Amino acid sequence: MKTQVMRKTRLYLKNPKAERSLIGYEIRESETKIRISTGISIPVSGWDDKSKSIKRDCPSSAFLSQKLMSFTAIAAKQVLIADAMELSMEKLKENILIALGREVVRDEKTEVLHFYKWWAQHSFGEHIARIDNLHHCRIFEEFLKQKNKTNLSFE
């Protein structure tokens with residue numbers, strides 16, 4: 001059984017020495033970290049660094065705090081899913097951006113490699129033919145890597 005490393009998250013000011021700053025969200029796993037902007041900008045004086053939250057005396061604090069809680073809830077859910085499924089940090093970041101509506105979901109049905117893998121696993125015939133199909137699929141995948149392509153689309 002693989003030992004699972006828990007990911008740690010924190011909120012921070014992206015530019016704490018300026019007058020205003022965006023609030024960032026950081027996820028760490030061992031030596032790797034990813035950062036995502038919450039899209040929320042506040043006066044630096046309105047940030048409580050100890051509690052990592054927006055101070056009540058900050059203009060529009062109730063609205064901004066609600067917006068920040070919504071962001072962290074979405075991100076935290078994706079972190080839990082990624083931990084359970086042992087997803088990479090890159091995939092975690094992609095999933096958070098998709099959940100936030102900042103990135104378009106790729107439709108795997110239009111990708112050649114996705115279709116080829118499905119076909120190789122579900123092709124009819126002898127067991128040996130299926131193993132051969134999977135072998136060809138791996139060769140195709142290696143070819144794409146050599147050409148620095150992640151996938152090809154039928155479009």
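Residues numbered from 1 in each chain as written. Predicted model: local features only at pLDDT ≥ 70, side-chain atom pairs only at ≥ 80, totals over all residues. Heavy atoms only, no water.

### Section: the overall build of the chain
The helix and strand tally for the chain stands at four helices and five strands. Helices (α) and strands (β) of the chain occur, in sequence order from the N terminus, as β-β-β-β-β-α-α-α-α. Among the 155 residues that make up the chain, the fraction classed as buried is 30%. Within the chain, residue pairs in contact and separated by at least 24 positions form 46% of the contacts whose partners lie at least 6 positions apart. About 11100 Å² of surface is accessible on the chain, with carbon and sulfur atoms providing 56% of the total. (Helix = DSSP H or I, 4+ residues; strand = E, 2+ residues; numbered from the N terminus. Buried < 20%, exposed > 50% of the residue type's maximum accessible area, 1.4 Å probe, protein only. Contact = heavy atoms within 4.5 Å. Areas by Shrake-Rupley, 256 points an atom, 1.4 Å probe, with all protein chains shown as cover.)

### A short note on the sheet that holds strand E3 (residues 32-43)
Within a beta sheet, neighbouring strands are joined by backbone hydrogen bonds and run either parallel or antiparallel to one another. Pairing is antiparallel in the open sheet, where three strands are placed in the order E1-E2-E3. Each edge of the sheet is formed by a strand with only one pairing partner; in this case those strands are strand E1 (8-13) and E3. On average, each strand axis in the sheet is tilted by 20° relative to the strand beside it, whichever way the strands run. Helix-sheet contacts for helix H1 (residues 61-85) involve E1, strand E2 (20-29) and E3, and the interaxial angle to E3 is about 165°. In the packing of helix H2 (residues 89-99) onto the sheet, the strands contacted are E2 and E3, and the crossing angle to E3 comes to about 30°. (Pairing = 2+ DSSP bridges. Axes fitted to C-alpha atoms, helices over the stretch in contact; angles between N-to-C directions.)

### Some points on the environment of Ser 153
Summarising the element assignment, Ser 153 is placed in the segment after helix H4 (127-146). Residue Ser 153 is classed as partly exposed on the basis of its relative accessible area, which comes to 39%. Remark: the alpha-carbon pair of Ser 153 and Leu 113, spanning 40 residues in sequence, is separated by 8.4 Å.

### Brief notes about the pattern of salt bridges
Should the charged atoms of two oppositely charged side chains come close, the side chains can pair. One pass over the structure, following the stated rule, counts nine salt bridges. Taking the shortest distance from any N to any O, the salt bridge between Arg 10 and Glu 26 comes out at 2.9 Å. Of the two residues, Arg 10 is situated in strand E1 and Glu 26 in strand E2; the sequence distance between them amounts to 16 residues. Ionic pairing is found between Asp 49 and Lys 52, a salt bridge with its closest N-O pair at 3.0 Å. We classify Asp 49 as partly exposed; its relative accessible area is 49%. Overall, the relative accessible area of 28% leaves Lys 52 in the partly exposed class. Among the ionic contacts, a cluster of salt bridges with common partners joins Arg 10, Glu 26, Arg 28, Lys 33 and Arg 35. (Salt bridge = Lys/Arg side-chain N within 4 Å of Asp/Glu carboxyl O.)

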